[in-house]
Every structure is written in structure tokens, then in C-alpha cells.
Amino acid sequence: MKIFALWCHPRSVSTAFERVMRERGDLDVLHEPFMYDYYLNRAPRRFPDFRPDPDHPADYAGTRQMILRRAEGGPVFFKDMAYYVLDTLPDDAEFRDAITHAFLVRHPAESILSYARKDPGFASVELGIEAEWVLYQTLREAGYAPLVILSDDLRRDPEAVMRAYGAHVGLRNRPEALSWDRQVPSDWEAVQAWHGEVLASGQIRPPEREGDPVAEVAALGAPYTDYLDHHLTFYEMLRDVAEAQRRDF
């Protein structure tokens, strides 16, 4: 049984990463399966434009069992937000130990700007980088050494990063998976409005920065400046891990 998880935060280029994994053709790929448990049972609000599939498990236990059941038929990959599982996965050693873990992180200023365009009312916890760091630390304390990937590295050289990811988790490199068509994966339909850019791009695009993201967040003011101040330290710690690991690529 093989289960690969990419833990991330919103607007971190994780959906493009997932789209590459779908294009490989050798994995059963799930899109944020634990979103259902978090937003239907524990979040203080409903996620915008979320149209739950009535056939999807609605709680942690059911989602966990679905993943394990599908993994019996072949390798499974899923990407999910660390904050969805921070209250559940660390204490679930059996399921945690069945997963090969990796992390993807983007500078919080860039994520804030992207998130605010889609959902101006998002909360600090939903920026999600603190939760990534806490989950990463929890896994390290349990004896794991998860790969941490910077979204900038992924966007600048997707072939190298995907090759390094595959080597780390034990998947054969498939560079032909780095481009895709515009077909909407069936399990994106619940949140399709959020992923139009990935569908249209056809590949992972390099960064196209104009201006200073930190200054742009400052211009937006509170609460976004508070979110940036809070999450920046956690990003920097994850960035340091990623940069140290990158030397081994």
C-alpha cells in the first residue's frame, strides 16, 4: 500500500503540482479530501463556492477509510491543507505511518494577495502556513524527514523539482506529465471556480512578479498585514528547511 500526501496551504501552487501528478497516469489522485471534514464539521464558516459531493465522506474517519480503501487498489496521491488535519492526523499514528509526506510552501505575501482576490474574508488560520510548520515539526518528532518544496523553485524549474520529489518519495520521473489539457478532473467540480488558472495554463508557469508583494500587502492594511506578520516566521523556518534540502537535489 502506497499513499503520498502533499501538505500545503491555499494559493501555494499546489493545484498545479497535483495536476502534474494526475497527468502521470500511474496514481489514483484525490483533491483535498479532508476539506469536507474541516469545512462541514469544524470551520467557523463555509468555504466560498464549495459544492460538496454527496458521495464524498463528510468526516475525518470516513475520509481516512476511503483513502486506505483506494490505496488497496494501487498507489494514491492527495494534496491537502495542513490546517484541515492538524487536530486529527498527529494523533492517528496508524494512518500517519501509512503516508509518505511532503510539503509545499509559498511566501505568505504572495499567497495573501492571491487569496484576497478570490476570498477577501479569509481568516488567518486559512492562510495555513503556521499549520504546515506545526505538522512538519510533529512529523519530524515522529521520526520522519519530509521533503519541503518552495513554490518559487517549483515554478522556476518544475522538471528538476518534480524529479527531486520523485526521488525522495520513490516515484519514477515522468517529465511528460509536466503539461496537460483543460479537462476538469471530476473531483475539482466541488471547487472548480478556484482552479481556472491551472486549467488554462497547461503547465507550471514561472513567477511573473511586478512590484513588491510585501508592500502590496502593506497597502491593503489590516487584517492582511497581521496575517503576514503572523505567518512570516513559520514560512521562513520552512524555507530554511527547503533550502538545506535543496543542496541534496
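Look up: the structure comes first, before these words.
Residues numbered from 1 in each chain as written. Predicted model: local features only at pLDDT ≥ 70, side-chain atom pairs only at ≥ 80, totals over all residues. Heavy atoms only, no water.

## As for the overall build of the chain
(1) Moving on: When you go through the chain residue by residue, the secondary structure sums to 13 helices and five strands.
(2) Moving on: For the chain, buried positions account for 55% of its 249 residues.
(3) Moving on: For the chain, contacts bridging at least 24 residues in sequence account for 77% of all contacts bridging at least 6.
(4) Moving on: For the chain, the accessible area works out to roughly 11200 Å², and carbon and sulfur atoms hold 47% of it. (Helix = DSSP H or I, 4+ residues; strand = E, 2+ residues; numbered from the N terminus. Buried < 20%, exposed > 50% of the residue type's maximum accessible area, 1.4 Å probe, protein only. Contact = heavy atoms within 4.5 Å. Areas by Shrake-Rupley, 256 points an atom, 1.4 Å probe, with all protein chains shown as cover.)

## Looking at the nonpolar core
(1) Moving on: With 77 residues, the main nonpolar core has Tyr 39 and Tyr 165 as its most contacted residues.
(2) Moving on: Here the element with the most residues in this core is helix 13 (residues 224-246); it accounts for eight residues.
(3) Moving on: Not counting chain neighbours up to four residues away, the residues in contact with Tyr 165 comprise Phe 4, Phe 17, Met 21, Phe 77, Ala 102, Leu 147, Ile 149 and Leu 171. (Core = buried A, V, L, I, M, F, W, Y, C linked by side-chain atoms within 4.5 Å.)

## Digging into helix 6 (residues 108-118)
(1) Moving on: Among the 11 residues that make up helix 6, nine are buried, leaving the element largely enclosed by the rest of the structure.
(2) Moving on: Looking only at helix 6, the buried set comprises Pro 108, Ala 109, Glu 110, Ser 111, Ile 112, Leu 113, Ser 114, Tyr 115 and Ala 116.

## Brief notes about the pattern of salt bridges
(1) Moving on: On inspection of all chains with the given rule, the structure shows 16 salt bridges.
(2) Moving on: Across the pair Asp 97 and Arg 96 runs a salt bridge whose closest N-O atoms are separated by 3.3 Å.
(3) Moving on: A residue is classified by how much of its surface remains accessible, and Arg 96, at 12% relative accessible area, is buried.
(4) Moving on: The shortest N-O distance in the salt bridge between Arg 106 and Glu 110 comes to 3.2 Å. The same class applies to Arg 106 as to Glu 110, namely buried.
(5) Moving on: A network of salt bridges, in which partner residues are shared, links Arg 24, Asp 26 and Arg 174. (Salt bridge = Lys/Arg side-chain N within 4 Å of Asp/Glu carboxyl O.)

## Section: the side chain of His 56
(1) Moving on: Inspection of the secondary structure puts His 56 in the loop between helix 2 (35-42) and helix 3 (60-71).
(2) Moving on: Overall, the relative accessible area of 19% leaves His 56 in the buried class.
(3) Moving on: Not counting chain neighbours up to four residues away, the residues in contact with His 56 comprise Pro 33, Tyr 36, Thr 63 and Met 66.

## A few points about the sheet that holds strand 2 (residues 28-31)
(1) Moving on: As summarised here, the arrangement of the five strands in space is 2-3-1-4-5, forming an open sheet in which the pairing is parallel. If you trace the sheet from one side to the other, it starts and ends with strand 2 and strand 5 (147-150), each paired once. Averaged over all neighbouring strand pairs, the angle between strand axes comes to 20°, with direction disregarded.
(2) Moving on: As defined by bridge partners, strand 2 adjoins strand 3 (residues 76-81) across four bridges and the pair is classed as parallel. Looking across to strand 3, one finds that His 31 is bridged to Lys 79. (Pairing = 2+ DSSP bridges. Axes fitted to C-alpha atoms, helices over the stretch in contact; angles between N-to-C directions.)

## Thoughts on empty space enclosed by the protein
(1) Moving on: Counted according to the given criterion, the structure contains two cavities of 30 Å³ or more.
(2) Moving on: Of the voids in this model, the largest cavity is the one considered here, and its volume is about 70 Å³.
(3) Moving on: In terms of lining residues, the largest cavity is bounded by 13 residues, among which Val 20, Arg 24, Met 162, Asn 173 and Arg 174 are the most central.
(4) Moving on: At the level of secondary structure, the elements contributing two or more residues to the lining of the largest cavity comprise helix 1 (14-24) and helix 10 (158-169).
(5) Moving on: Top contributing element to the lining of the largest cavity by residue count: helix 10, with four residues. (1 Å grid on protein atoms, 1.4 Å probe; cavity = no way out; pocket = protein on both sides within 12 Å on 5 of 7 lines; lining within 4 Å. Points joined across faces, edges and corners; volume = space filled by probe spheres on them.)

## Quick look at the environment of Leu 150
(1) Moving on: Within the element layout of this structure, Leu 150 appears in strand 5.
(2) Moving on: You can call Leu 150 buried: its relative accessible area is 6%.
(3) Moving on: In this structure Leu 150 touches Leu 104, Val 105, Tyr 235, Arg 239, Ala 242, Glu 243 and Arg 246, once residues within four positions along its chain are discounted.

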